[in-house]
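Listed here are the chains, written in short residue letters.
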Amino acid sequence: AGAAETLTKDSFDGYLQAQAGKGRALLVMFHVGWCKACQKTFPKFVAAAGIVAERGSAMDFAHVDCTDDKTLCQRFEVKGYPTIKLFEAAADPKQPLQYRSQRSEEGFAKYADRMTQAAVREVASAAALEGALKTESFSAFAAVAPSAKDAPAGFVAAAAKWRDRHIFA
């Protein structure tokens, strides 16, 4: 556990379906061997897979070599390298989310932690909110409601779209 799984056009769909069946998200790096940015990012991606596995996050890491699997990369509209996409367990696998965070071990790990939590987090106290914001490097948004289910619709929609970069509580 902890390694980034190597996927091909033959194994991709089955692996994605198996992870979704387990309720696990999948972060996939699409890359090519000749790309300098890929060569720099890939070891960090693999190391982050180990960190995320140790933390017990419900996310796995995988990679696809687009040199060998051009059709798979075209299917997911990979236009530059590396391209990193998140396949959420409960979402349409044809519509993965584009990774927009730092390409570092901690960046990947923080993203995994954030994206495996509810889009709107419930906090019971000011101390709990302060704890959630302790490692926050961007901004956070808060709404007062009886529960996360009762948060305003616009707040929930914004959380779904921007939770990769901001905390919504």
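Parameters and conventions
- Residues numbered from 1 in each chain as written.
- Predicted model: local features only at pLDDT ≥ 70, side-chain atom pairs only at ≥ 80, totals over all residues.
- Heavy atoms only, no water.
- Helix = DSSP H or I, 4+ residues; strand = E, 2+ residues; numbered from the N terminus.
- Buried < 20%, exposed > 50% of the residue type's maximum accessible area, 1.4 Å probe, protein only.
- Right-handed = clockwise from strand over helix to strand, strands pointing away.
- Pairing = 2+ DSSP bridges.
- Phe/Tyr/Trp six-rings, centres within 6.5 Å; stacked < 30°, edge-to-face > 60°.
- Expected span 1.5 Å × (residues − 1).
- Bend = angle between axes of the 7 residues up to and from the residue.
- Contact = heavy atoms within 4.5 Å.
- Core = buried A, V, L, I, M, F, W, Y, C linked by side-chain atoms within 4.5 Å.
- Axes fitted to C-alpha atoms, helices over the stretch in contact; angles between N-to-C directions.
- Parallel < 35°, antiparallel > 145°, perpendicular 65-115°, else oblique.
- Left-handed = near helix turned anticlockwise from the far one by under 90°.
- Nonpolar A, V, L, I, M, F, W, Y, C, P; charged D, E, K, R; others polar.

**A few points about the environment of Ala 153**
No. 1: Along the chain, Ala 153 falls in helix 6 (residues 153-162).
No. 2: The class for Ala 153 is exposed, based on a relative accessible area of 65%.
No. 3: Placed eleven residues apart in sequence, Ala 153 and Asp 164 show a C-alpha to C-alpha distance of 18 Å.

**Topic: the pairing of strand 2 (residues 25-31)**
No. 1: Counting buried residues in strand 2 gives seven out of seven residues, a clear majority hidden from the surface.
No. 2: Residues Ala 25, Leu 27, Met 29 and His 31 point to one face of strand 2 and Leu 26, Val 28 and Phe 30 to the other, with burial holding for every one of them.
No. 3: Tracing the backbone out of strand 2, into helix 2 (residues 36-55) and back to the parallel element strand 3 (residues 59-65) gives a crossover that is right-handed.
No. 4: Bridge analysis of strand 2 against strand 4 (residues 83-87) gives five bridges, and the strand direction is antiparallel. Bridging from a neighbouring strand, Leu 26 pairs with Phe 87 of strand 4.

**Considering the packing of aromatic side chains**
No. 1: By the definition in use, this model includes ten aromatic pairs.
No. 2: For the pair Phe 12 and Phe 30, a centre-to-centre distance of 6.4 Å together with 35° between the ring planes defines the contact as tilted. Of this pair, Phe 12 sits in helix 1 (residues 12-21) while Phe 30 sits in strand 2, placing them 18 residues apart in sequence.
No. 3: Relative accessible area serves as the criterion here: at 0%, Phe 30 is assigned to the buried category.
No. 4: Relative to Phe 87, the ring of Phe 12 lies with its centre 5.5 Å away and its plane at 70°, an arrangement referred to as edge-to-face. Here Phe 87 lies in strand 4 and Phe 12 lies in helix 1, a separation of 75 residues in the sequence.
No. 5: Following the ring pairs from residue to residue traces out a cluster consisting of Phe 45, Phe 61, Tyr 99, Phe 108 and Tyr 111.

**Overview of helix 2**
No. 1: An ideal rise of 1.5 Å per residue puts 28 Å on 20 residues; helix 2 measures up with 29 Å between its terminal C-alpha atoms.
No. 2: Helix geometry: helix 2 is bent most strongly at Phe 42, by close to 25°, with proline Pro 43 lying one to four residues after it.
No. 3: Packed against the buried residues of helix 2 are strand 2, strand 3, strand 4 and helix 4 (105-115).
No. 4: Gly 56 lies just past helix 2 and shows a positive phi near 80°.

**Description of the nonpolar core**
No. 1: With 35 residues, the main nonpolar core has Phe 12, Leu 27, Phe 30 and Phe 61 as its most contacted residues.
No. 2: Considering every element that reaches this core, the biggest residue donor is strand 2, with six residues.
No. 3: What Phe 12 contacts, discounting residues up to four positions off in sequence, is Leu 7, Val 28, Phe 30, Val 64, Leu 72, Arg 75, Phe 76 and Phe 87.

**Topic: the packing of helix 2 against helix 4**
No. 1: Between helix 2 and helix 4, whose axes approach to 8 Å, the crossing angle comes to 45°. If you check the angle between helix 2 and helix 4, you find them oblique. Read as a crossing pair, helix 2 and helix 4 show a hand that is right-handed. Here helix 2 contributes Thr 41, Lys 44, Phe 45, Ala 47, Ala 48, Ile 51, Val 52 and Arg 55 to the contact with helix 4, which in turn contributes Glu 105, Glu 106, Phe 108, Ala 109, Lys 110, Ala 112 and Asp 113.
No. 2: When grouped by side-chain class, the residues that make up the contact of helix 2 with helix 4 number eight nonpolar, one polar and six charged.

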